[in-house]
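Here are the chains, one letter per residue:
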Amino acid sequence: MERTAVKHKTGFWDVVKSLGSGLSLTWSHFLKAGNRRTPEYVSDENYFKQKDGLVTLKYPYEAIPVPDNGRYRLHNEIDDCIVCDLCAKVCPVNCITIESVKATEDIGTTSDGTKKRLYAPTFDIDMAKCCYCGLCTTVCPTDCLTMTPVYDFSEVDIKNMVYHFTDLTPEQAEEKKQMFAKQQEEMAAAKAAALAARKSNK
Ligand code: SF4
Ligand code: SF4
């Protein structure tokens, strides 16, 4: 069977035409790059009108706005926290650790008027474990636990991903624990004395 060689004939003007076509595309993008797109959120009506121009941002000097309902880093406004433990109980990944101590004195109210009866010597949230489900903020009775718009908080040391929200220094925490233990002892002694007095009167 005779084979026929297929010859591609490329003339000088074909090369020029091909080069011109490629370079015109490059130049058109180069010129459009002078029009920078502004950092707008996808729901902004101008978002899809900005078709040409650089799409990359000078992060961190520029950033795309985050949506209002975005779920990012948690914050606990500890003065409004009643240390009820609901957030820790509902958390599916156990990344909230709370230690509570009963107050022996009046420690005031939260901004919504709820009486505070507990201190929180430990209120830690491990954001490295958090799956950003938002359940903890949903159950919080005083709305003190919120998800902030802060999303850029990477750390070299993973231990720094644990956020501490305690309202006490270690010394104050120890003092409150001792005060509570002392109050318990005094109450137990008073109860025992009352029982003994009741028995002796019979
Ligand atoms: S957002 Fe979800 S995973 Fe993160 S702390 Fe709250 S309940 Fe836990
Ligand atoms: S649910 Fe709210 S009030 Fe209760 S411990 Fe958590 S942050 Fe505090």
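Residues numbered from 1 in each chain as written. Chains lettered and ligands numbered in written order. Predicted model: local features only at pLDDT ≥ 70, side-chain atom pairs only at ≥ 80, totals over all residues. Heavy atoms only, no water.

(A) Representation of the site of ligand 2 in the model. In the region of ligand 2, 14 residues are neighbours, and C81, C84, D85, C87 and C140 sit closest. Looking at the shell around ligand 2 residue by residue, the classes come out as eleven nonpolar, two polar and one charged. (Near = heavy atom within 4 Å. Nonpolar A, V, L, I, M, F, W, Y, C, P; charged D, E, K, R; others polar.)

(B) Just the site of ligand 1, in detail. Neighbouring residues of ligand 1: 13 residues in total, closest C91, C130, C133, G134 and C136. Within the shell around ligand 1, the residues separate by chemical class into twelve nonpolar, one polar and no charged.

(C) Molecular detail of the domain arrangement of the chain. As assigned here, the chain comprises domain 1 (14-65) and domain 2 (74-180). On a C-alpha basis, the centroid separation for the pair domain 1 and domain 2 is 45 Å. (Domains from an automatic or database assignment.)

(D) Quick look at the sheet that holds strand β5 (residues 162-164). Spatial ordering of the open sheet is given by β2-β3-β5, a layout of three strands whose pairing is antiparallel. Since the sheet does not close on itself, it has two edges, and those belong to β2 (96-102) and β5, each with one partner. Each strand of the sheet is rotated relative to its neighbour by a mean of 15 degrees, with strand direction disregarded. Two strands pair when backbone bridges link them, and β2 and strand β3 (residues 118-126) are joined in this way by six bridges, in the antiparallel orientation. When the sheet's bridge partners are listed, K102 is paired in β3 with L118. Each of β2 and β3 touches helix α4 (residues 170-201); the most contacted strand, β2, lies at about 50 degrees to it. (Pairing = 2+ DSSP bridges. Helix = DSSP H or I, 4+ residues; strand = E, 2+ residues; numbered from the N terminus. Axes fitted to C-alpha atoms, helices over the stretch in contact; angles between N-to-C directions. Contact = heavy atoms within 4.5 Å.)

(E) Structural view of the pattern of salt bridges. Considering all chains together, one arrives at six salt bridges under this definition. Residue K182 pairs with E186 through a salt bridge whose shortest N-O separation is 3.9 Å. Within this pair, K182 and its partner E186 are both found in helix α4, separated by four residues, close to a single helical turn. (Salt bridge = Lys/Arg side-chain N within 4 Å of Asp/Glu carboxyl O.)

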